[in-house]
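Analysis of the macromolecular model
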Amino acid sequence: MNINFYLNNDKRSAKTEKSIFVYIRGLQKYKTLVLNSKLRIDPKYWNAEKQRAKKGSPNEVQINRYLDKYKSKLSEVIQDALNEDVGYSYKQLSNLIKEAFEPKKSSDFFEVFKIYLKKKEDIFQKSTLTKYLTLFNNITKFNDDSNYKISFETLNIKFCELYYNYCINQLGHNNNTAKKQFIMLNTFIKWTIDRGYNNNNEALKYEVKGYKIDIITLSEYELKLLEDYEPSMLFLSHTKDVFLLSIYTGQRFSDIHNLKFEDIDYKNKIWKLRTTKTKDLIKIPLSNQAIKIIDKYKDEEAFIPTISNQKFNENLKNLCKNTGIDEPVTITIYQGNKRIDVTKPKYELISSHTARRTFVTLSLIKGMQPHILMKITGHKDYKTLDKYIRIDNKVTQDEVKKIWG
């Protein structure tokens, strides 16, 4: 018996990505059972000889792990059936296999959500999976606390209004957090419709309005303060280096911590990065400051010990407090129709994402063209890039004076 993976070769399909099909030969002479693995991949990332995703391609690890598990389970199901020595016909054996991989669809909202989470374990980043688990727990709590019992039939505008109010009034979410909940919920609902679990799309019509968040960035003066500050503790020194390298390159916390020395082209001062979030390959020019930080660790096995984003942000606030980045900053959030102004010392509002926003803002202020900037940050359009920009009044005044006098 042979189990092989092949791409769908239907040239009539207009989609770039192709389905990965499973071919099982040897169940019965001259007969081949074909199953859909439920995975899709762009053919340019497919290694036909190895029947796996190419090394370094987007989602390579997740796809290949899924296919390995699929093949292992398939072999186990077939072997168990053959060991029963019942003398299954080809049709009976085929049905046993199909039932193991295509079980009867559940109609229970929460059971299907669990199926969704299970299927996404190997596809989602850990942080993304955690967000969907939080959504599942929030909806479960809403179902338990309210008289509104959730099913696919009751996913309507009334549910959306009640759940939105629950997010704001019971969970204490601001409007943007509530909006993210509905974006994820809509992704799940579309998945259930595409796979035949559900045919109700009414909830997709509900729109949650967010608000533009107050962007926190470092000024040139604050950046200089941080560059000149020498922490007395090693973990704060690591925090400083990661944060500064993120500012100098415009890359995310996760990508900085995953930096591999073999991806650094020292001759041309280029970092060849396959981003964690989007899997895009970006060639990032490295400044002298960035090279200097990387060189500090090149004799180590890996670049700076990895810690969680949460712990990093705690250390970062401590670092910036010690540095003197403590200007009072007022941010505005909205909960429903209620406006809330919060004033805090700046170091309390700084997080790992502040670095990327600082890079974008200071690069534009210093004259970098937006289309060049987007090549470095990996942003696909200016609308997305705009969310990272914070240019204060003094800068705009100086620019007007410089141009118009």
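Cut-offs applied
- Residues numbered from 1 in each chain as written.
- Predicted model: local features only at pLDDT ≥ 70, side-chain atom pairs only at ≥ 80, totals over all residues.
- Heavy atoms only, no water.
- Salt bridge = Lys/Arg side-chain N within 4 Å of Asp/Glu carboxyl O.
- Helix = DSSP H or I, 4+ residues; strand = E, 2+ residues; numbered from the N terminus.
- Phe/Tyr/Trp six-rings, centres within 6.5 Å; stacked < 30°, edge-to-face > 60°.
- Buried < 20%, exposed > 50% of the residue type's maximum accessible area, 1.4 Å probe, protein only.
- Pairing = 2+ DSSP bridges.
- Axes fitted to C-alpha atoms, helices over the stretch in contact; angles between N-to-C directions.
- Contact = heavy atoms within 4.5 Å.
- Core = buried A, V, L, I, M, F, W, Y, C linked by side-chain atoms within 4.5 Å.
- Expected span 1.5 Å × (residues − 1).
- Arc of directions from axis to C-beta.
- Polar contact = N/O pair within 3.5 Å; in protein donor to acceptor, adjacent residues only side chain to side chain.
- Parallel < 35°, antiparallel > 145°, perpendicular 65-115°, else oblique.
- Left-handed = near helix turned anticlockwise from the far one by under 90°.
- Nonpolar A, V, L, I, M, F, W, Y, C, P; charged D, E, K, R; others polar.

For the structure shown, the criterion picks out 12 salt bridges. Salt-bridge contacts for Arg52 lead to Asp68; the nearest nitrogen and oxygen are separated by 2.9 Å. Taken as a pair, Arg52 in strand β5 (residues 52–53) and Asp68 in helix α1 (residues 60–83) lie far apart in primary sequence, 16 residues in all.

Turning our eyes to something else, we now look at the packing of aromatic side chains. Enumeration over the complete set of coordinates arrives at 28 aromatic pairs. Consider the rings of Phe109 and Phe113, whose centres lie 5.9 Å apart with planes at 75 degrees: the pair is edge-to-face. One end of the pair is Phe109 and the other is Phe113, both in helix α3 (residues 109–120) and 4 residues apart, which spans about a single turn. Given the relative accessible area of 1%, Phe109 is considered buried. The class of Phe113 is buried, set by a relative accessible area of 0%. Taken together, a centroid distance of 5.0 Å and an interplanar angle of 65 degrees make the contact between Tyr116 and Trp191 edge-to-face.

Our focus in this paragraph is the sheet that holds strand β1 (residues 2–7). Sheet architecture is open: 3 strands sit in the order β1-β2-β3, paired in antiparallel fashion. One side of each edge strand has no neighbouring strand; the edge strands of this open sheet are β1 and β3 (31–41). For this sheet, the mean inter-axis angle between neighbouring strands, taken without regard to orientation, is 25 degrees. Note that strand β2 (residues 18–28) and β3 share 8 bridges and pair antiparallel. Counterpart to Ile24 in the pairing with β3 is Leu33. Lying over the sheet, α1 contacts β1, β2 and β3, oriented at roughly 155 degrees with respect to β3. Relative to the sheet, helix α2 (residues 90–101) contacts β2 and β3, its axis offset from that of β3 by approximately 15 degrees.

This part takes up the nonpolar core. Phe243, Leu245, Ile247, Leu259, Trp271, Phe303 and Ile350 are the most contacted members of the largest nonpolar core, which has 47 residues in total. When residues of this core are assigned to their parent elements, the largest contribution, 7 residues, is made by helix α8 (residues 234–249). Apart from residues no more than four positions distant in its own chain, Ile247 is found in contact with Leu218, Leu223, Ala355, Thr358 and Phe359. In this structure, Phe113, Leu135, Cys160 and Ile189 belong to the second largest nonpolar core, which totals 35 residues.

Taking 1.5 Å of rise per residue, the 12 residues of α3 would be expected to cover 16 Å, and the 17 Å separating its terminal C-alpha atoms lies within 8% of that figure. Within the sequence span of α3, burial applies to Phe109, Phe110, Val112, Phe113, Tyr116, Leu117 and Lys120. Taken end-on, α3 shows its buried residues confined to a sector of 160 degrees, consistent with a single buried face. On its buried side, α3 packs onto α4 (126–145) and α6 (175–194). Capping of α3 at its N-terminal end is provided by Asp108; its side-chain oxygen lies 3.2 Å from the backbone amide nitrogen of Phe110.

What follows deals with the pairing of β2. Sheet analysis places β1 next to β2, joined by 6 bridges and oriented antiparallel. The residue of β2 that forms the bridge with Asn4 is Tyr23.

Here we take up the packing of helix α7 (residues 220–228) against α8. At a minimum axis distance of 11 Å, the contact between α7 and α8 shows a crossing angle of 140 degrees. Put simply, α7 runs oblique to α8. You can see that α7 and α8 cross each other, and the crossing is left-handed. Contacts between α7 and α8 involve Leu223, Leu226 and Glu227 on the former and, on the latter, Lys240, Phe243, Leu244, Ile247 and Tyr248. Of the residues belonging to the contact of α7 with α8, the class tally is 6 nonpolar, no polar and 2 charged.

Another aspect to go through is unusual backbone geometry. In this structure, Lys38 takes a positive phi of about 75 degrees despite not being glycine. Locating Lys38 in the fold gives a position in strand β3. Within the chain, Lys269 stands out as a residue other than glycine whose phi angle is a positive 55 degrees. Inspection of the secondary structure puts Lys269 in the loop between β6 (264–265) and β7 (270–274). On the basis of relative accessibility, which here comes to 35%, the residue Lys269 falls in the partly exposed class.

This part takes up α1. Between its first and last C-alpha, α1 extends 34 Å over 24 residues, near the 34 Å set by a 1.5 Å rise per residue. Gln62, Ile63, Asn64, Tyr66, Leu67, Tyr70, Leu74, Ile78 and Ala81 are the residues of α1 that are buried. Buried residues along α1 sit against β1, β2, β3, β4 (46–47), β5 and α2.

This next bit is on the environment of Phe261. Note on placement: Phe261 falls in the loop between α9 (253–257) and β6. In sequence terms Phe261 and Lys298 are 37 residues apart; their C-alpha atoms lie 6.9 Å from each other. Once residues lying within four places of it in the same chain are set aside, the contact partners of Phe261 are Tyr266, Ile294, Tyr297, Lys298, Glu300, Ala302 and Phe303.

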